[in-house]
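These are the residues of each chain, in order.
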Amino acid sequence: ANIKTALMDSMLEMVGTSHVTFACTGAMEPILYQENLEGAMQRGAMLVDISVPRNIDDVGANKVEGVKAYNVDDLKAVVAANQARRQRLVLEAGELLQDEMKSFKGWHQSLGT
């Protein structure tokens, strides 16, 4: 992986040329927003804000062509959806296992052992 870090004075240049950016600073308000991203973006990108309070104005950032911004709440929603899906799969696997056990027991008893 080609992971790069950047200081604040080169932030927009780095964000504008990156495919994926994770933001996590001590800023108390967004540092990436529609107005400064529009002039900086040189490619489509995913911006992921893992900071609290937020460093990316995701509503404004998502208005910039080719930019998709996510925040901690978005990530929590993805995790919850994945957990729910896994739970459904566990239940389905349990039902499948019960069916196969019945089939196996029937076969085993048919052997006369």
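Cut-offs and rules
- Residues numbered from 1 in each chain as written.
- Predicted model: local features only at pLDDT ≥ 70, side-chain atom pairs only at ≥ 80, totals over all residues.
- Heavy atoms only, no water.
- Helix = DSSP H or I, 4+ residues; strand = E, 2+ residues; numbered from the N terminus.
- Rg over C-alpha atoms; globule rule 2.2 N^0.38 Å.
- Buried < 20%, exposed > 50% of the residue type's maximum accessible area, 1.4 Å probe, protein only.
- Contact = heavy atoms within 4.5 Å.
- Areas by Shrake-Rupley, 256 points an atom, 1.4 Å probe, with all protein chains shown as cover.
- Lys, Arg positive; Asp, Glu negative; His and termini not counted.
- Charge placed at Lys NZ, Arg CZ, Asp CG, Glu CD.
- Patch = residues over 30% accessible without salt bridge, like charges linked within 9 Å, V, L, I, M, F, W, Y side chains within 5 Å.
- Salt bridge = Lys/Arg side-chain N within 4 Å of Asp/Glu carboxyl O.
- 1 Å grid on protein atoms, 1.4 Å probe; cavity = no way out; pocket = protein on both sides within 12 Å on 5 of 7 lines; lining within 4 Å.
- Points joined across faces, edges and corners; volume = space filled by probe spheres on them.
- Nonpolar A, V, L, I, M, F, W, Y, C, P; charged D, E, K, R; others polar.

Looking only at helices and strands, the chain has 4 helices and 3 strands in total. When the elements of the chain are put in sequence order from the N terminus, they spell out α-β-α-β-α-β-α. A globule of 113 residues ought to have a C-alpha radius of gyration of about 13 Å, yet the chain, at 24 Å, is considerably larger. Each principal axis of the C-alpha distribution contributes one length, and for the chain these read about 80 × 25 × 25 Å. Across the 113 residues of the chain, 24% fall into the buried class. When contacts within the chain are restricted to residue pairs at least 6 apart in sequence, those whose partners lie at least 24 apart make up 56%. Of the roughly 8400 Å² that the chain leaves accessible, carbon and sulfur atoms contribute 57%. Of the side-chain charges in the chain, 11 are positive and 15 negative, and the distance between the mean point of each set is 10 Å.

This part covers a negative patch on the surface. Negative charge collects at one region of the surface, where Glu92, Glu95, Asp99 and Glu100 lie side by side. Considering the arrangement of structural elements, one finds glutamate 92 in helix 4 (residues 72–110). What makes glutamate 92 partly exposed here is its relative accessible area of 48%.

Enumeration according to the criterion identifies 2 salt bridges in this entry. A salt bridge links aspartate 58 to arginine 54; its shortest N-O distance comes to 3.8 Å. Judged by its relative accessible area of 14%, aspartate 58 falls in the buried class. Under the relative-accessibility criterion, arginine 54 is labelled partly exposed at 33%. Salt-bridge contacts for aspartate 73 lead to arginine 54; the nearest nitrogen and oxygen are separated by 2.5 Å.

Turning our eyes to something else, we now look at the layout of surface pockets. By volume, the largest pocket amounts to about 540 Å³. Lining the largest pocket we find 20 residues, and of these Lys4, Met14, Val20, Thr21 and Phe22 sit closest to its centre. Breaking the lining of the largest pocket down by element, the ones donating at least two residues are helix 1 (11–17) and strand 1 (20–23). The residue makeup of the lining of the largest pocket, split by class, is 12 nonpolar, 7 polar and 1 charged.

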